[in-house]
Amino acid sequence: MWRRASTSTSSSLSSSFIIKSSSSLLNLFFISQHHHASSSSSSSSSSSSSSSSSPPPLTMMQQQQQVNDGIPISRFITFVLGGPGSGKGTQCTKIVETFGFNHISAGDLLRREIVSDTKYGSMILNTIKQGKIVPSEVTVKLILRELESSHNHKFLIDGFPRSEENRIAFEQIIGAEPNTVLFFDCPEEEMVKRVLSRNQGRVDDNIDTIKKRLKVFEALNRPVIDHYAKKGKLHKINAVGTVDEIFEQVRPVFAAFEQLN
Ligand SMILES: Nc1ncnc2c1ncn2[C@@H]1O[C@H](COP(=O)(O)OP(=O)(O)O)[C@@H](O)[C@H]1O
Ligand SMILES: Nc1ccn([C@H]2C[C@H](O)[C@@H](COP(=O)(O)OP(=O)(O)O)O2)c(=O)n1
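The sections below set out a description of the structure shown in this document.

Each value, and the rule that gives it
- Residues numbered from 1 in each chain as written.
- Chains lettered and ligands numbered in written order.
- Predicted model: local features only at pLDDT ≥ 70, side-chain atom pairs only at ≥ 80, totals over all residues.
- Heavy atoms only, no water.
- Helix = DSSP H or I, 4+ residues; strand = E, 2+ residues; numbered from the N terminus.
- Contact = heavy atoms within 4.5 Å.
- Areas by Shrake-Rupley, 256 points an atom, 1.4 Å probe, with all protein chains shown as cover.
- Phe/Tyr/Trp six-rings, centres within 6.5 Å; stacked < 30°, edge-to-face > 60°.
- Lys NZ or Arg CZ within 6 Å of the ring centre and 35° of its normal.
- Expected span 1.5 Å × (residues − 1).
- Buried < 20%, exposed > 50% of the residue type's maximum accessible area, 1.4 Å probe, protein only.
- Salt bridge = Lys/Arg side-chain N within 4 Å of Asp/Glu carboxyl O.
- Axes fitted to C-alpha atoms, helices over the stretch in contact; angles between N-to-C directions.
- Parallel < 35°, antiparallel > 145°, perpendicular 65-115°, else oblique.
- Nonpolar A, V, L, I, M, F, W, Y, C, P; charged D, E, K, R; others polar.
- Near = heavy atom within 4 Å.
- Polar contact = N/O pair within 3.5 Å; in protein donor to acceptor, adjacent residues only side chain to side chain.
- Bend = angle between axes of the 7 residues up to and from the residue.

## Comments concerning the overall build of the protein chain
Looking only at helices and strands, the protein chain has 10 helices and six strands in total. In the protein chain, the proportion of contacts linking residues at least 24 apart, taken out of those at least 6 apart, comes to 78%. For the protein chain, the accessible area works out to roughly 13,300 Å², and carbon and sulfur atoms hold 53% of it.

Written out as structure tokens, the structure reads:
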């Protein structure tokens, strides 16, 4: 069975499939926790390290000790890769329903920034309209925020990394690698057909932008796919068929991990 990260029963976590967060994520995690603790009056979200009387910051040694003791963080991260319209989001919904993952869609996070008109909003909009990739630093920051604020320790990170630059930024900023990677392999004609009938009013779901996105996918995403294939982490899924047929290829990947835990 999967276990919740919020408990402190770290000894029961399966070693090879659960990421022990490296010190850089831990530092960011604690930096942010201490920032919350000192800057906002009542942060109820964090439990172990913030008490009402603002404890002194943990030293690096203490942080490392907590990692060694396995107390604060352990995450199971799945990257979900595939071209535009290959069915990543659709299958993520099924994985969430069946295996209780937290779904983080990089595209949704970026679109939310556009709608909220944050300082990055117009840059993101222009980049997406042109079928290009948003700078990694921006996307990784948004993902980090989601990772930190979730009580669930099992994550699907959908539509990320889309380039080697994305991948390397994630490893540097988050300090972790994915436990496993799904790749939805879909022919271009099928992806174009699906995107054009998606009907969600997206600025990038038009034939001109799709052509550019497909070129960018081939040029930038393929090296990422090759990287994880070489590492033995890639599960290639044939993305043609009904949604349920495709899910029957996905299910065993997670069922295997569930059995091990
Ligand atoms: N197996 C499938 N067969 C036909 N259409 C599909 C299939 N899976 C998803 N779709 C549809 O194709 C479109 C793109 O799917 P989506 O999950 O949004 O892809 P992605 O997240 O990879 O861009 C959606 O309209 C979705 O309903
Ligand atoms: N890691 C990412 C993910 C998405 N983006 C941008 C560029 C993508 O064309 C859009 C939409 O991504 P999303 O994953 O929602 O959509 P598709 O899989 O392409 O249908 O967002 C990005 O710049 N970097």
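Next comes the rest of the description.
## Quick notes on the packing of aromatic side chains
Considering all chains together, one arrives at eight aromatic pairs under this definition. By the ring-pair criterion, three or more aromatic residues cluster together here, those being Phe76, Phe99, Phe101, Phe254 and Phe257. Positioned above the aromatic ring of phenylalanine 247 is the side chain of lysine 94, whose terminal nitrogen or guanidinium carbon lies 5.4 Å from the ring centre.

## Some words on helix α6 (residues 136–149)
Here α6 contains 14 residues, and its C-alpha end-to-end distance of 20 Å stays within 8% of the 20 Å for a straight helix at 1.5 Å per residue. Three or more residues of α6 are buried, namely Ser136, Val138, Thr139, Val140, Leu142, Ile143, Leu144 and Leu147.

## Quick look at the pattern of salt bridges
Scanning the model with the defined rule gives 18 salt bridges in all. A salt bridge links arginine 251 to glutamate 248, with the shortest nitrogen-to-oxygen separation between them at 3.0 Å. Of this pair, arginine 251 and glutamate 248 both sit in helix α10 (residues 243–260), separated by three residues, roughly a single helical turn. On the basis of relative accessible area, arginine 251 is assigned to the partly exposed category, the value being 33%.

## Comments concerning the packing of helix α7 (residues 164–174) against helix α9 (residues 207–230)
Relative orientation and spacing of two packed helices are given, respectively, by the angle between their axes and the distance between those axes. Relative orientation of the contacting elements α7 and α9 amounts to 50°, with a least axis distance of 8 Å. One finds that α7 runs oblique with respect to α9. Across the interface between the two elements, Glu164, Arg167 and Glu171 from α7 touch Leu220, Pro223, Val224, His227 and Tyr228 from α9. Residue composition of the contact of α7 with α9, by class: four nonpolar, one polar and three charged.

## Focus on the site of ligand 1
Taken together, the neighbourhood of ligand 1 is formed by 13 residues, with Lys88, Gly89, Thr90, Arg198 and Gly241 sitting nearest. Within the backbone of serine 86, an N or O atom sits 3.2 Å from an oxygen atom of ligand 1. At a separation of 2.9 Å, an oxygen atom of ligand 1 approaches a polar backbone atom of glycine 89. Notes on ligand 1: free accessible area 560 Å², of which the protein chains cover 73%.

## Topic: the side chain of glutamine 91
On the secondary structure map, glutamine 91 appears in helix α3 (residues 88–99). At a separation of 3.1 Å, a polar atom in the side chain of glutamine 91 contacts the main-chain carbonyl oxygen of valine 243. Among residues more than four places away in sequence, those in contact with glutamine 91 are Phe184, Val243, Ile246, Phe247 and Val250.

## Remarks on α9
Between its first and last C-alpha atoms α9 spans 33 Å; for 24 residues at 1.5 Å apiece the expected length is 34 Å, and the two agree. Of all bends in α9, the biggest is about 40°, found at asparagine 221, and the proline proline 223 comes one to four residues later. Looking at α9, one finds that the buried residues are Thr209, Ile210, Arg213, Leu214, Phe217, Asn221, Val224, Ile225, His227 and Tyr228. After α9 finishes, the residue glycine 232 shows a positive phi value of roughly 75°.

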